[in-house]
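# Tertiary structure, described
Chain by chain, the residues:
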Amino acid sequence: DSGVTQTPKHLITATGQRVTLRCSPRSGDLSVYWYQQSLDQGLQFLIQYYNGEERAKGNILERFSAQQFPDLHSELNLSSLELGDSALYFCASSVLVGDTQYFGPGTRLTVL
Amino acid sequence: EDKVVQSPLSLVVHEGDTVTLNCSYEVTNFRSLLWYKQEKKAPTFLFMLTSSGIEKKSGRLSSILDKKELFSILNITATQTGDSAVYLCAVEERNYGQNFVFGPGTRLSVLP
C-alpha cells in the first residue's frame, strides 16, 4: 500500500458523459501526478500539480482537466467521453517535484 | 519526437537465471531515468538514475545509466517467481515543467 488513495476503483459510463476521478496523496506529499494507461498507448503522463498549482502538462486532451485543492487532494475531470478514453487512470504523489513518485491503485474507466 | 525503447518486450526465464533489461531513449532536456515494476496494478518505484556510470543496487536488482550512449540497463540476478512483472522505463525531461516519457515495458515471466 503506497498511501495514495484513488476513488472510485471502477467506473462505467457512456460516451458523451463526464466523470470525475479523485486522488488523495500520501500524507505530506505536495505534488500530484496523473497518468493514463491503455493497452494501445501504454502509460502516459497527463498533468502534474504542486501545492495547488499546475506545474507540468503532458499528453492531456483538452476535454480533460484537473485541479489540486487546498487540502492537496486532486481531481481529474474527463468530459465528452469517447470509447478510446477507456483506460486505467493512475494518480501518483511525491513530497517535492522530482522526488520518488508513489502510485495509487488506479481507477479503471470503461466507456461504453 | 521523444521516445523510449525497451528490449526485449517479453522474456521468459527460469528461477535462478540472471536477466538484463534494456532501455534506450531520445529526449530533449534529460533530467532522470526511472525504472518501475508493475505487477497487477500500480507501478512501484525501483530506481532513479541521474548520473552516468553510477550503479544503483537494491538487493538482487541493479541499474546503471549511460548518458553518452543514451541507455540504461536493469539487471536482476537469481530471479524468483515473484520477479514476474512488467518492468517500465521512463525518462523525465525538464523544459518549462516536467514531462515523463514511458517505454512500452518488458514483460518478464519467471518459471519455477
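Bear in mind that the values here come from a model prediction, so they are computed numbers and not experimental data.

Here the focus is the interface of chain B and chain A. Across the boundary between the two partners, chain B contributes 16 residues, which contact 20 residues of chain A. Summed over the shared surface of chain B and chain A, the result is zero salt bridges. Applying the counting rule to chain B against chain A returns one residue pair in polar contact (both at pLDDT 80 or more). For the side of chain B that touches chain A, the secondary-structure elements that each account for two or more residues are β4 (30–38), β5 (43–49), β9 (85–94) and β10 (98–102) of chain B. A total of four residues in the side of chain B that touches chain A trace back to one element, the largest contributor, which is β10(B). Across the side of chain B that touches chain A, the residue classes tally to nine nonpolar, four polar and three charged.

Moving on: the nonpolar core. Ranked by internal contacts, the top residues of the largest apolar core, which has 22 residues, are B:V4, B:Y25, B:L33, B:W35, B:Y87 and B:L108. Sorting the residues of this core by element identifies β3 (19–26), β4, β5, β7 (61–66), β8 (71–76), β9 and β11 (106–111) of chain B as the ones contributing at least two each. If you look at the next biggest cluster of nonpolar residues, it comprises 20 residues, including A:A66, A:L78, A:C91 and A:L109.

Turning our attention to the pairing of β3(B). Residue and element names in this part refer to chain B. Of the two faces of β3, only the one carrying V19, L21, C23 and Y25 is buried; T20, N22, S24 and E26 on the other face are not. As judged from the five bridges shared by strand β1 (residues 3–7) and β3, these two strands associate in the antiparallel manner. Paired with V5 across the two strands is S24, which belongs to β3. Bridge count between β3 and β8: six bridges; the pairing is antiparallel.

Here we take up the packing of aromatic side chains. Per the counting criterion, the structure on display carries twelve aromatic pairs over all chains. When the ring of A:F64 is compared with that of A:Y89, the centres are 6.5 Å apart and the planes differ by 70 degrees; the resulting orientation is edge-to-face. Here A:F64 is found in strand β7 (residues 64–68), whereas its partner A:Y89 is found in strand β9 (residues 87–94), with 25 residues between them in sequence. Each ring, one from B:Y36 and one from B:F45, has its centre 6.1 Å from the other, and the planes form 75 degrees; the classification is edge-to-face. According to the relative accessible area criterion, B:Y36 is buried, its value standing at 1%. The class of B:F45 is partly exposed, set by a relative accessible area of 26%. An aromatic cluster of three or more residues is present, and its members are A:Y33, A:Y35, A:F45, A:F90, A:F103, B:Y36, B:F45, B:F100 and B:F102. Taking NZ or CZ as reference, A:R26 lies 3.8 Å from the ring centre of A:Y102, over its face.

Rules and cut-offs
- Within each chain, residues carry numbers counting from 1 in the order of the written sequence.
- Whichever chain is written first is A, and whichever ligand is written first is 1; the rest continue in order.
- The model is predicted, so local features are restricted to residues of pLDDT at least 70 and side-chain atom pairs to those at 80 or more, both for listing and for counting; the totals for chains, interfaces and linings are taken over all residues.
- Think of the side-chain values as coming from all heavy atoms in the structure, minus any hydrogens and water.
- Contacts are assigned to residue pairs that have any heavy atoms within 4.5 Å of one another.
- Criterion for a salt bridge: a side-chain nitrogen of Lys or Arg within 4 Å of a carboxyl oxygen of Asp or Glu.
- In protein, a polar contact requires one atom able to donate a hydrogen and another able to accept it; more generally it is a pair of N or O atoms within 3.5 Å, and residues adjacent in sequence count only if both atoms are side-chain atoms.
- For helices the rule is a DSSP run of H or I covering at least 4 residues; for strands it is a run of E covering at least 2, with both sets numbered from the N terminus onward.
- Any residue that is not Ala, Val, Leu, Ile, Met, Phe, Trp, Tyr, Cys, Pro, Asp, Glu, Lys or Arg is counted as polar, Gly included; the first ten are nonpolar and the last four charged.
- Take the buried residues of types Ala, Val, Leu, Ile, Met, Phe, Trp, Tyr and Cys, join any two whose side-chain atoms come within 4.5 Å, and each joined set is a nonpolar core.
- Note on exposure labels: buried denotes an accessible area under 20% of the residue type's maximum, exposed denotes more than 50%, and partly exposed covers the range between, all computed with a 1.4 Å probe on protein chains only.
- Should DSSP find at least two bridges between two strands, the strands are regarded as paired.
- Pairs were defined over the aromatic rings of Phe, Tyr and Trp, the Trp ring being its six-membered one, requiring ring centres within 6.5 Å. Orientation was assigned from the angle between planes: stacked under 30 degrees, edge-to-face over 60, tilted for the rest.
- Whether a charge lies above a ring is judged from NZ of Lys or CZ of Arg, which has to be within 6 Å of the ring centre and within 35 degrees of the ring normal.

Note that every value here comes from positions in space, so none of it alone points to a role or purpose.
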